[in-house]
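Each chain, written out:
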Amino acid sequence: MATTPSRIEPQPATATATTAGVTSGHVEVAVARTPTSPRPLRRRSEFDPVDYATMVGCAISALALGWVVFTHLTEGIGWFGFVVVVYLCFLGLFGLVTADRLGRLVATDRLATVAITSGAILLAAPLLWLVGYVVLKGLPNVTGHFFTEDQGGITPGMPATRGGGSHAIMGSLEQVTLALVISLPLALTTAVFLNETRSRLRRPVRIFVDAMSGLPSIVAGLFIFAVLILPNAQKSEVFGNNGLMASLALSVIMLPTITRTVEVVLRLVPDGLREASLALGASRARTVWSVVLPTARNGISTAVVLGIARAVGETAPLLFTSVGASLYNSNPFSGSQESLPIFVYRNIRQPLATQIDRGFTGAFVLMLIVLTLFAITRLIGGQRRTQRTARPRLVTPQEDLEP
Amino acid sequence: MMERDGRAYIRTTTPRIVEDQPTTTDRIFGFFTTAAGLTVLVLLALVGLFLLLRSRDAFDVAGWSFFKRVEWRTDIDPPEIGVLGLLVGTIEVAIIAVLIAIPLGVCAALFITDYASARWRGVLTGLVDLLAAIPSLLYGIWGWLLLSEQLAPLSKFLGRHLRWFTFFGTNDDPQFIQSMFIAGVVVSLMVLPIIASVTREVFAQTPPGEKEAALALGGTRWGMVKMVVLPYGRAGIVGGSMLGLGRALGETIAVSLLLPQLPMLTTHVLETGGATIAGFIALRAGADEFTTSGLMAAGLVLFALTLATNMVASMIVARSRSGLGVEAV
């Protein structure tokens, strides 16, 4: 024991060290630090089996500690609090044991690695939980009816399998399409303005686009309500509560989202292509139209799909604009119109279990749509992965910093 | 050749100025793109202007007491409406959310830039993007119908044993569902992606030479992260957190489901109660004219608050040396 430093050949006894083993481990390390022992590696970032064994040991002790404290000494903290406390205990124990085995420097490093890795991976837990919950509650009531029928003749007490949400799907489709038609040209031109011109106004515009992407979605709805619906609703059907107004509110949300994403993509277009086009005598407009935009085609598609995904799940802007309806209304220019988020939001807050079930059915369909759209962006994004993962330039020569 | 003031200079024996002579197409192009860019400015100005115009009724009745009053009562005459209770609730929920989201978001960003293998990096980037893609409504339903009950025992424990801490205080016979704490937890998941993505972009721009130097001097990986990556990305963390705060302040639908939306002044975040401006407006949609005017006034306050937060955040992110080229989602 005294001749072989435990740093190089860790003993099984320390490997499974629990709180009780800490003191004996301390002695071993002290013995190992004799002047005759070979100089240990300064940096040992790799985890070896002993480290994993230590982690298991510490996890077990932390669990046991938490169990004793919360079942025998106090009245319980709920499973969530239990997990948090046990996790923190585990980190503490792991740090102590490793510090004892390998010194403080290595221990801090290991502890940071474990904390950062587990913290990052644990992000998956709420996501899986949420998706699983909505699938579990929503899937059983999804029938073919949901995609073909509306809520005509359905009373609240009827089971959720009766009636459907086709009017909501239809409304969502129309509103999002209209919103896209309104916002896409504007967003593309704004992105071109930010990236392809040398105007002095680019800096303020970029800051305001940033600020606008943080605009609360309810304010977008209030804005359309205040500007168009409130003064004009008496005069004209078009400015009443209808799908068009919802589209306008949604396009306020979509505009900054698409602009920002497109601008990033335009920045990835190599400058050489632009210079070549300009050197051949093309105008700036021609360069953008024939060289820059086609090169960034995939990225622009991604931006569009992201914008759609963002808009399709937005509920708040619709509360003041399209309001919602229980019957089919395929005309977005007249009369209130249903859409999926409104359908879900209205039903989920009702007292009857059947109505809540109906809300979950809609939530499931909504989630399916969003996840599908997300998968599409990944597929498109995969085609230009080589560009995306290119290392960012260290000093980005940003032209927007005024000379 | 060098560029200055939009002109190209060619250095010859006697410097000759080459004028940029835009063609007609270029002029039209310039005009159109500038117009599009300005639309955003105009839109934001219009939002503020019209909210102000439509809230005149409410301000006429309430006056300055609108900013000092906690209650919101339209059933009495004259009506007493005030935004203070809503405003305090909004800020409390947002701060809880950001406090939870910052460590998780920075962890995720560090993991992606400095710890993960290439495969895990892709997985986690996708995970963070997916968290951002899930609609607020679904978070709200999940938090309201499921998470709320699951977190209640934790609130109960904290409320019983840590009462002396102002924010964990409770009244007699408290209820622990529909609390600002639970709303904050759910909102933290929604603001986490933006914090993670902004800090990640900043961390990714740490000069590799300095990182390698830290490692070559014998530093551990954590030593390298602590001495190089984190100081370099400090402005990104601050800016990203403020962007997250801006999002949290404006979060609407989830919070409208998660809180009872009764305006009050309280520091008891574990207990049932609380309201936020956005959630309150959402629940009162379609009310009578005067209430709507009051909602517009509340919306104006929210608009000013989020706009200020986001602008300061954007400037911090954009101005910092490390923040060049940082993208917000």
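Because the structure is predicted, anything quoted here is derived from the model rather than measured.

## Some details on the overall build of chain A
Then comes step 1: Along the backbone of chain A there are 18 helices and 0 strands.
Then comes step 2: In chain A, buried positions account for 52% of the 403 residues.
Then comes step 3: Taken as a whole, chain A presents about 18,400 Å² of accessible surface, with 67% of it coming from carbon and sulfur.

## So, helix 3 (residues 84-115) of chain B
Residues and elements named next belong to chain B.
Then comes step 1: With 32 residues, helix 3 should reach 46 Å at 1.5 Å per residue; the first-to-last C-alpha distance of 45 Å fits that figure.
Then comes step 2: The largest bend in helix 3 is about 30°, located at alanine 101, with the proline proline 103 one to four residues further on.
Then comes step 3: Along helix 3, 23 of the 32 residues are buried, which leaves the element largely enclosed by surrounding structure.

## Considerations on the pattern of salt bridges
Then comes step 1: In this structure the tally under the stated criterion is 14 salt bridges over all chains.
Then comes step 2: Notably, a salt bridge pairs A:Glu338 with A:Arg346, separated by 2.6 Å at the nearest N-O pair.
Then comes step 3: Residue A:Arg346 is classed as partly exposed on the basis of its relative accessible area of 30%.
Then comes step 4: Of the charged contacts, one joins B:Arg69 and B:Glu80 as a salt bridge, the two residues approaching to 3.7 Å between their closest N and O atoms. Here B:Arg69, found in the loop between helix 2 (56-62) and strand 4 (72-73), pairs with B:Glu80, found in strand 5 (residues 80-81); they are 11 residues apart in sequence, far enough to count as distant.
Then comes step 5: Exposure remark for B:Arg69: the relative accessible area of 24% places this residue in the partly exposed category.
Then comes step 6: The network of salt bridges with shared partners includes A:Asp51, A:Arg101 and A:Arg110.

## Some details on the domain arrangement of chain A
Residues and elements named next belong to chain A.
Then comes step 1: The domains assigned to chain A are domain 1 (49-139) and domain 2 (147-387).
Then comes step 2: Of the residues lining the interface, 7 residues belong to domain 1; the matching set on domain 2 comes to 5 residues.
Then comes step 3: When the two sides are added together, the surface that domain 1 and domain 2 hide from each other amounts to roughly 610 Å², 87% of it contributed by carbon and sulfur.
Then comes step 4: The interface formed by domain 1 and domain 2 includes 0 salt bridges.
Then comes step 5: Counting across the interface, domain 1 meets domain 2 through 0 residue pairs in polar contact (both at pLDDT 80 or more).
Then comes step 6: Broken down by class, the residue content of the side of domain 1 that touches domain 2 amounts to 5 nonpolar, 1 polar and 1 charged.

## Quick notes on the interface of chain A and chain B
Then comes step 1: Contact with chain A, which involves 95 residues of that partner, is made by 98 residues of chain B.
Then comes step 2: Taken together, both faces of the contact between chain A and chain B bury some 8,700 Å²; the carbon and sulfur share is 78%.
Then comes step 3: Where chain A packs against chain B, one counts 1 salt bridge.
Then comes step 4: Ionic pairing is found between B:Asp129 and A:Arg378, a salt bridge with its closest N-O pair at 2.7 Å.
Then comes step 5: Taken together, chain A and chain B are joined by 10 residue pairs in polar contact (both at pLDDT 80 or more).
Then comes step 6: Sorting elements by how many residues they give to the side of chain A that touches chain B places helix 5 (residues 104-121) of chain A first, with 11 residues.
Then comes step 7: Of the residues belonging to the side of chain A that touches chain B, the class tally is 62 nonpolar, 20 polar and 13 charged.

## Quick word on the environment of B:Ala318
Then comes step 1: Looking at the secondary structure, you find B:Ala318 in helix 12 (residues 289-319).
Then comes step 2: Each C-alpha atom, one on B:Ala318 and one on B:Leu146, is 39 Å from the other, the two residues being 172 residues apart in sequence.

## Re helix 10 (residues 217-232) of chain A
Then comes step 1: Between its first and last C-alpha, helix 10 of chain A extends 22 Å over 16 residues, near the 22 Å set by a 1.5 Å rise per residue.
Then comes step 2: In terms of residue burial, helix 10 of chain A counts as a mostly covered element, since 14 of its 16 residues are buried.

## With respect to the nonpolar core
Then comes step 1: Grouped together as the largest cluster of nonpolar side chains are 188 residues, with contacts concentrated most on A:Ile218, B:Ile141 and B:Ile277.
Then comes step 2: Per element, the largest residue contribution to this core is 16 residues, and it comes from helix 6 (residues 180-204) of chain B.
Then comes step 3: Looking at this core, you find at least three residues from each of domain 1 (49-139) and domain 2 (147-387) of chain A.
Then comes step 4: The contact partners of A:Ile218, leaving out residues within four places of it in the chain, are A:Ala316, A:Leu319, A:Phe320, B:Thr252, B:Ala278, B:Ile281, B:Ala282 and B:Leu302.
Then comes step 5: Residues A:Ala62, A:Val86, A:Leu91 and A:Val97 belong to the second largest nonpolar core, which totals 9 residues.

## Here's the deal with the state of the cysteines
Then comes step 1: For the coordinates displayed, the defined rule picks out 0 disulfides over all chains.
Then comes step 2: Distance from the sulfur of B:Cys107, which forms no disulfide, to the nearest cysteine sulfur (A:Cys89) is 18 Å.

## A word on the packing of helix 5 (residues 136-161) of chain B against helix 6 of chain B
All names here are of chain B.
Then comes step 1: Between helix 5 and helix 6, whose axes approach to 9 Å, the crossing angle comes to 135°. By the criterion of interaxial angle, the relationship of helix 5 to helix 6 is oblique. Pair helix 5 / helix 6 crosses with right-handed handedness. Of the residues in helix 6, those touching helix 5 at Ser136, Tyr139, Trp142, Gly143, Leu147, Ser148, Leu151, Leu154 and Ser155 are Phe181, Ile182, Val185, Val186, Leu189 and Met190.
Then comes step 2: Classifying every residue of the contact of helix 5 with helix 6 gives 11 nonpolar, 4 polar and no charged.

## Section: the packing of helix 8 (residues 166-196) of chain A against helix 9 (residues 202-213) of chain A
All names here are of chain A.
Then comes step 1: At a closest axis distance of 9 Å, the pairing of helix 8 and helix 9 adopts a crossing angle of 135°. Viewed along their axes, helix 8 and helix 9 adopt a mutual orientation that is oblique. By crossing handedness, the relation of helix 8 to helix 9 is classed as left-handed. From helix 8, Thr190, Phe193 and Leu194 reach across to helix 9, where they touch Arg202, Val205, Arg206 and Val209.
Then comes step 2: Taken together, the residues of the contact of helix 8 with helix 9 sort by class into 4 nonpolar, 1 polar and 2 charged.

## Examining unusual backbone geometry
Then comes step 1: Positive phi outside glycine occurs at A:Val323, with the angle close to 65°.
Then comes step 2: For A:Val323, the position within the fold is in the loop between helix 15 (316-319) and helix 16 (340-348).
Then comes step 3: In the Ramachandran plot, B:Gln261 falls in the positive-phi region, its phi being about 60° despite a non-glycine side chain.
Then comes step 4: With respect to the secondary-structure elements, B:Gln261 resides in the loop between helix 10 (253-258) and helix 11 (277-283).
Then comes step 5: Residue B:Gln261 is classed as buried on the basis of its relative accessible area of 2%.

## Focus: the confidence of the model for chain B
Residue and element names in this part refer to chain B.
Then comes step 1: Chain-level pLDDT for chain B is 86 on average; 92% of the residues reach the 70-or-more range.
Then comes step 2: Counted against residues more than four places away or in other chains, residues 321-329, with its pLDDT under 50, gives 33 contacts.
Then comes step 3: Scored as a whole, the predicted complex attains pTM 0.84, and scored at its interfaces, ipTM 0.86.

## Observations concerning the side chain of B:Thr309
Residue and element names in this part refer to chain B.
Then comes step 1: Residue placement: threonine 309 occurs in helix 12.
Then comes step 2: Among the polar contacts made by the side chain of threonine 309, one reaches the main-chain carbonyl oxygen of leucine 305 at a distance of 2.7 Å.
Then comes step 3: With residues up to four places along the chain from it excluded, the contact list for threonine 309 reads Met242, Leu245, Gly246 and Leu249.

Definitions and limits used
Residues take numbers from 1 onward in each chain, read along the sequence in its written order. Think of it this way: whatever chain is written first is A, whatever ligand is written first is 1, and the rest follow in order. Only residues with pLDDT of at least 70 are given local features in this predicted model, and only at 80 or more are side-chain atom pairs given and counted; all residues enter the totals for whole chains, interfaces and linings. As a rule here, side-chain values cover all heavy atoms of the structure and leave hydrogens and water aside. Helix and strand assignments follow DSSP, with helices taken as H or I runs no shorter than four residues and strands as E runs no shorter than two, numbered in order from the N terminus. The buried label applies to any residue whose accessible area, calculated with a 1.4 Å probe on protein chains only, is under 20% of its type's maximum; exposed applies above 50%, and partly exposed to all values in between. Every accessible area reported is derived by Shrake-Rupley at a probe size of 1.4 Å, with residue values counting cover from the shown protein chains alone. Here a helix's expected span is defined as the number of its residues, less one, multiplied by 1.5 Å. Values of bend correspond, residue by residue, to the angle between axes fitted over the seven residues ending at that residue and the seven starting there. Whenever a carboxyl oxygen of Asp or Glu lies within 4 Å of a side-chain nitrogen of Lys or Arg, that contact is scored as a salt bridge. Marked domain ranges trace back to an automatic or database domain assignment. It only takes one pair of heavy atoms within 4.5 Å for two residues to be counted as in contact. When two components associate, each loses some accessible surface as probed by a 1.4 Å sphere; the sum of these losses over both components is called the buried area. Think of a polar contact as two N or O atoms within 3.5 Å of one another; within protein, one of them needs to be a possible hydrogen donor and the other a possible acceptor, and neighboring residues in sequence only count if both atoms come from side chains. Just so you know the grouping, Ala, Val, Leu, Ile, Met, Phe, Trp, Tyr, Cys and Pro go in nonpolar, Asp, Glu, Lys and Arg go in charged, and all remaining residues, Gly too, go in polar. For the purposes of this section, nonpolar cores are sets of buried Ala, Val, Leu, Ile, Met, Phe, Trp, Tyr and Cys residues that join through side-chain atoms within 4.5 Å. A pair of sulfur atoms, both from cysteines and within 2.5 Å, is called a disulfide here. A fitted line through C-alpha atoms represents every axis, and for helices the fit uses only the stretch in contact; the resulting angles, taken between N-to-C directions, go from 0 to 180 degrees. We call two directions roughly parallel when the angle between them is under 35 degrees, roughly antiparallel when it is over 145, roughly perpendicular when it lies between 65 and 115, and oblique otherwise. By definition, any crossing whose near helix is turned counterclockwise from its far helix by less than a right angle is left-handed, and any crossing with a clockwise turn is right-handed. Each residue carries a pLDDT score, the predictor's own confidence in it, on a scale running from 0 to 100.

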